[in-house]
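# Overview (structure and organization)
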Amino acid sequence: MGLFGGKNQFPVEGKTILITGGSEGMGRAAALQLSAKGANIILVSRNVGRLEEALVDVKAAAKSPSAQRFTYISADVAEHDYAARVIAEAIAWNSGNAPDIVWCVAGMSTPMLWTEDDSLTASRRNMDVNYFGSAEMSRAILKKWLAPENSTSPKAEPKHLVFTASVLALFSVVGYGPYTPSKWALRGLADTLAMELNLYPDNPVKLHIVYPATIVTAGFDRENQTKPAITLELEKEEPPETPETVASRSIAGLEKGEYNIAVSFLGNLMRCGAQGGSPRNNWVLDTLIGWLVPIIYFFVLRMMNGSVRAWAKANGHPMKAKKST
Ligand SMILES: NC(=O)C1=CN([C@@H]2O[C@H](COP(=O)(O)OP(=O)(O)OC[C@H]3O[C@@H](n4cnc5c(N)ncnc54)[C@H](OP(=O)(O)O)[C@@H]3O)[C@@H](O)[C@H]2O)C=CC1
Ligand SMILES: CCCCCCCCCCCCCCCC(=O)[C@@H](N)CO
């Protein structure tokens, strides 16, 4: 059921769901919740030990343990052409059928100031994992779902492809230069595909992008090791959430049939303020809120840029401050 009792537009019972980044954090939480709703689950990530551990928990969460099936595939989403192999293995395991739902969650972040020595290397790596990791997977699965031999009818139950971005793809913050563009790129790809999918009326596929804010995960601990102090300070405006909360709000958005899925109050404001040519969840509400957001931004941007300037004043030139610590 959707939140307001509407028809559930993301039924998962008996469906096979492939989740990249499913061994930890938000991806693992989503896998557990989808298993509890009766889905067969394929976890994809690199570390086999963590995949095995996660799979035990995903199995234990199953709604009908005897009917549901679970497996994992180890793969590095940053590797060129990884996804064709992963999808082939998933199809072989799934009695010759492609997964019904693919959720790209695998991602990483190395925040730092743009003038730091490693920022471009970090940027390329973030692009490879976050953008190309999802881009390659989307192409591999769409080539299967959209193939003429898999045509059904416009009324058939749709397949679902889900990308995981960040609120930073809607509102940019100092210090996330190596990361933010990879998530904006994902949004650009998704909007393009949302229109392109209309070329295949007999192969219905629904596309969604989730925009989480801070999630308390191992990945978050890792990114905090390189995160500039000013970034830490500014992002306190958006309270951290557990991976379980983010996963369940994401699934609620999927069940309501949303395209751009924000999972927090500020995230929803940011979503309405940055819609461009994206498909809308609700034309009337999204438009009305979208008219308000520039007024909020007038104050928020003054405050945030003011904080950044005050930080510079208190701490001195960032390159000099770095050398003296
Ligand atoms: N944490 C946060 O504050 C936020 C996170 N996000 C996004 O949400 C998603 C989940 O984040 P979070 O739960 O924190 O992530 P975590 O770092 O906790 O977990 C990442 C998962 O992705 C896998 N992964 C990472 N790199 C690769 C790779 N190259 N190839 C295959 N799998 C990989 C990891 O397994 P393994 O290492 O074994 O491969 C792990 O399963 C990411 O896309 C992230 O960018 C968005 C907003 C905020
Ligand atoms: C109208 C709206 C007002 C906006 C107020 C702005 C408040 C700033 C919130 C910044 C939050 C940043 C979260 C980063 C999550 C992320 O993606 C990374 N942790 C991953 O590396």
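Being a predicted model, the structure only gives us computed values, none of them experimental.

This part takes up the overall build of the protein chain. Within the protein chain, the secondary structure is distributed over eleven helices and seven strands. Relative to a compact globule of 325 residues, whose C-alpha radius of gyration would be 20 Å, the protein chain shows 20 Å and is just as compact. Each principal axis of the C-alpha atoms in the protein chain carries an extent, and together these give about 60 × 45 × 35 Å. With 325 residues in all, the protein chain has 48% of them scored as buried. If you take every contact in the protein chain between residues at least 6 apart in sequence, the share linking residues at least 24 apart comes to 73%. Side-chain charges in the protein chain split into 33 positive and 31 negative, and the spacing between the mean points of these groups amounts to 3 Å.

What follows deals with the site of ligand 2. Close to ligand 2 lie 19 residues; Ser-109, Ser-166, Tyr-176, Tyr-179 and Glu-223 are nearest. Within the side chain of Ser-166, one N or O atom sits 2.6 Å away from an oxygen atom of ligand 2. At 2.9 Å, a side-chain N or O of Tyr-179 approaches an oxygen atom of ligand 2. Those elements that place two or more of their residues in the shell around ligand 2 are α9 (265-273) and α10 (283-315). When the residues that make up the shell around ligand 2 are grouped by side-chain class, the tally is twelve nonpolar, three polar and four charged.

So, about α9. Looking at α9, one finds that the buried residues are Gly-267, Leu-269, Met-270, Arg-271 and Cys-272. Elements in contact with the buried residues of α9: β7 (260-262) and α10. Where α9 begins, the capping side chain belongs to Ser-264, and its oxygen is found 3.0 Å from the backbone nitrogen of Gly-267.

All right, on to the environment of Ala-36 then. Tracing the backbone through its elements, the reader meets Ala-36 in helix α1 (residues 25-36). Residue classification places Ala-36 among the partly exposed positions, given a relative accessible area of 40%. For the pair Ala-36 and Val-58, spaced 22 residues apart in sequence, the C-alpha to C-alpha distance is 8.3 Å. Setting aside anything within four residues of it in sequence, one finds Ala-36 in contact with Ala-61 and Lys-63.

A few words now on the pairing of strand β6 (residues 205-211). Within β6, six of the seven residues are buried, which leaves the element mostly enclosed by the surrounding structure. Read as a crossover between parallel neighbours, the route from strand β5 (residues 159-164) over helix α5 (residues 180-196) to β6 is right-handed. Note: β6 against β7, three bridges, orientation parallel. Looking at the pairing, Val-210 lines up with Ile-261 of β7.

In the numbering used here, UniProt assigns the feature "transmembrane region" (unreviewed entry) to residues 283-301. The span residues 283-301 shows a helical share of 100% and a strand share of 0%, and its end C-alpha atoms are spaced 26 Å apart.

A separate point is the site of ligand 1. Not every one of the 32 residues close to ligand 1 is listed here, only the nearest: Ser-23, Met-26, Arg-46, Val-105 and Thr-217. Take Tyr-179: an N or O atom from its side chain is 3.2 Å from an oxygen atom of ligand 1. Gly-219 places a main-chain nitrogen or oxygen 3.3 Å from an oxygen atom of ligand 1. Here ligand 1 loses 95% of its free accessible area of 890 Å² to cover by the protein chains. Counting residues per element, the ones that place at least two in the shell around ligand 1 are α1, α4 (119-145) and α6 (218-224).

For the structure shown, the criterion picks out 13 salt bridges. Note that Lys-159 is salt-bridged to Asp-100, the shortest N-O span being 3.4 Å. With Lys-159 in strand β5 and Asp-100 in the loop between α3 (82-93) and β4 (101-104), this residue pair connects regions lying 59 residues apart in the sequence. Among the residues examined, Lys-159 registers a relative accessible area of 26% and is labelled partly exposed. Ionic contacts of the salt-bridge type, sharing partners, join the residues Glu-24, Arg-50 and Arg-222 into one network.

A few words now on the pairing of strand β1 (residues 16-20). Burial runs high along β1: five of the five residues are buried. Both faces of β1 are covered, namely the face carrying Thr-16, Leu-18 and Thr-20 and the face carrying Ile-17 and Ile-19. Direction of pairing for β1 relative to strand β2 (residues 40-45): parallel, over a ladder of five bridges. Considered in β2, the bridge of Thr-16 is made with Asn-40. Between the parallel elements β1 and β2, the chain passes through α1 in a crossover that is right-handed. In this structure, β1 lies alongside β4, joined through four bridges in parallel fashion. Following the sheet pairing, Thr-20 is matched in β4 by Cys-104.

Basis of the calculations
- Residues numbered from 1 in each chain as written.
- Chains lettered and ligands numbered in written order.
- Predicted model: local features only at pLDDT ≥ 70, side-chain atom pairs only at ≥ 80, totals over all residues.
- Heavy atoms only, no water.
- Helix = DSSP H or I, 4+ residues; strand = E, 2+ residues; numbered from the N terminus.
- Rg over C-alpha atoms; globule rule 2.2 N^0.38 Å.
- Buried < 20%, exposed > 50% of the residue type's maximum accessible area, 1.4 Å probe, protein only.
- Contact = heavy atoms within 4.5 Å.
- Lys, Arg positive; Asp, Glu negative; His and termini not counted.
- Charge placed at Lys NZ, Arg CZ, Asp CG, Glu CD.
- Near = heavy atom within 4 Å.
- Polar contact = N/O pair within 3.5 Å; in protein donor to acceptor, adjacent residues only side chain to side chain.
- Nonpolar A, V, L, I, M, F, W, Y, C, P; charged D, E, K, R; others polar.
- Right-handed = clockwise from strand over helix to strand, strands pointing away.
- Pairing = 2+ DSSP bridges.
- UniProt positions renumbered as here; feature names shortened; annotations may be inferred.
- Areas by Shrake-Rupley, 256 points an atom, 1.4 Å probe, with all protein chains shown as cover.
- Salt bridge = Lys/Arg side-chain N within 4 Å of Asp/Glu carboxyl O.

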